[in-house]
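Spelled out from the first residue to the last, the chains are:
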Amino acid sequence: MTLVKAGVVVLDCAEPEKLAAFYEELLDGEQTVASANLVQIRGADGFRIAFRRDVNATPPSWPRPENSLQAHLEFMVDDLDGAERRIVSLGGRPLETRDAVGPHEERSYSDPSGHSFTVRLAPPTAPKQG
């Protein structure tokens, strides 16, 4: 018998409705739970994430060491430049700290509440051989 039926990532923030709207658009998702203190969405691929109201929430300061990384999300994409345009248009902010010369396999951003996340190129899938 399975003890845990499902899991969900929950981010604390001051305005869960606004942060949920950002991720709902980013993940092509839909709102599944909404209350005064919690909003949950399910992305197009089934990924679930929720946002809990905490009026004292302090945005992480990553990559600076004070109040650094509290949680980190990673999303797989096929097009880093396209993903960046979409993220910025939704209110996200680039956090890339590497030298901008040459292609990167991943890029870091913060959402409108300051939580960091990474978009990474999806590994190429090749047909099975043999």
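Before reading further, recall that the structure is shown in the block above.
Small disclaimer: the values here were computed from a predicted structure and weren't measured.

Asks: Would you explain unusual backbone geometry in this entry?
Replies: Comment: phi is negative for the bulk of residues other than glycine, and the bulk of peptide bonds are trans. One non-glycine residue, Asp28, adopts positive backbone phi at about 50°. Mapping Asp28 onto the fold places it in the loop between α1 (16-26) and β2 (30-34).

Asks: What should I look at first to understand the packing of aromatic side chains in this one?
Replies: Where two aromatic rings form a pair, the distance of their centres and the angle of their planes describe that pair. The final tally for this structure, using the stated rule, is eight aromatic pairs. A centroid spacing of 5.4 Å and a plane angle of 20° characterise the contact between Tyr23 and Phe51, whose relative ring orientation is stacked. With Tyr23 in helix α1 and Phe51 in strand β4 (residues 48-53), this residue pair connects regions lying 28 residues apart in the sequence. Grouping residues by exposure puts Tyr23 and Phe51 together as buried. Taking the centre distance of 5.8 Å and the plane angle of 70° together, the rings of Phe75 and Phe117 count as edge-to-face.

Asks: Explain the sheet that holds strand β8 (residues 116-121) here, please?
Replies: The pairing of strands in a sheet comes from backbone hydrogen bonds and takes either a parallel or an antiparallel form. The strand order across the open sheet built from four strands is β5-β8-β7-β6, with neighbouring strands paired in mixed fashion. On the outer flanks of this sheet lie β5 (72-77) and β6 (93-94), each paired with one strand and no other. Note: β5 against β8, six bridges, orientation parallel. Bridging across to β8, Leu73 finds its partner in Phe117. Contacts from helix α2 (residues 80-89) reach β5, β6, β7 (106-110) and β8 within the one sheet, and its direction differs from that of β7 by about 5°.

Asks: What's the story with the sheet that holds β4 in this structure? I'm lost.
Replies: Strand order in the open sheet formed by four strands is β1-β4-β3-β2, and the pairing between neighbours is mixed. The open sheet has two edge strands with one neighbour each: β1 (9-13) and β2. This sheet shows a mean twist of 25° between the axes of neighbouring strands, independent of strand direction. Strand direction decides the pairing type here: β1 and β4, joined by five bridges, are parallel.

Asks: Any chance you could explain the layout of surface pockets here in plain terms?
Replies: One simple way to see leftover space: roll a probe sized like a water molecule over the atoms. Taken as a whole, the largest pocket encloses approximately 290 Å³ of empty space. What lines the largest pocket is a set of 15 residues, among which Leu26, Leu27, Asp45, Phe75 and Met76 lie closest to the centre. Elements represented by at least two residues in the lining of the largest pocket include exactly β5 and α2. In terms of residue count, β5 provides more of the lining of the largest pocket than any other element does, four residues in total. Taken together, the residues that form the lining of the largest pocket break down as ten nonpolar, one polar and four charged.

Quick notes on the rules
- Residues numbered from 1 in each chain as written.
- Predicted model: local features only at pLDDT ≥ 70, side-chain atom pairs only at ≥ 80, totals over all residues.
- Heavy atoms only, no water.
- Helix = DSSP H or I, 4+ residues; strand = E, 2+ residues; numbered from the N terminus.
- Phe/Tyr/Trp six-rings, centres within 6.5 Å; stacked < 30°, edge-to-face > 60°.
- Buried < 20%, exposed > 50% of the residue type's maximum accessible area, 1.4 Å probe, protein only.
- Pairing = 2+ DSSP bridges.
- Contact = heavy atoms within 4.5 Å.
- Axes fitted to C-alpha atoms, helices over the stretch in contact; angles between N-to-C directions.
- 1 Å grid on protein atoms, 1.4 Å probe; cavity = no way out; pocket = protein on both sides within 12 Å on 5 of 7 lines; lining within 4 Å.
- Points joined across faces, edges and corners; volume = space filled by probe spheres on them.
- Nonpolar A, V, L, I, M, F, W, Y, C, P; charged D, E, K, R; others polar.

This is a description of form; function is not addressed.
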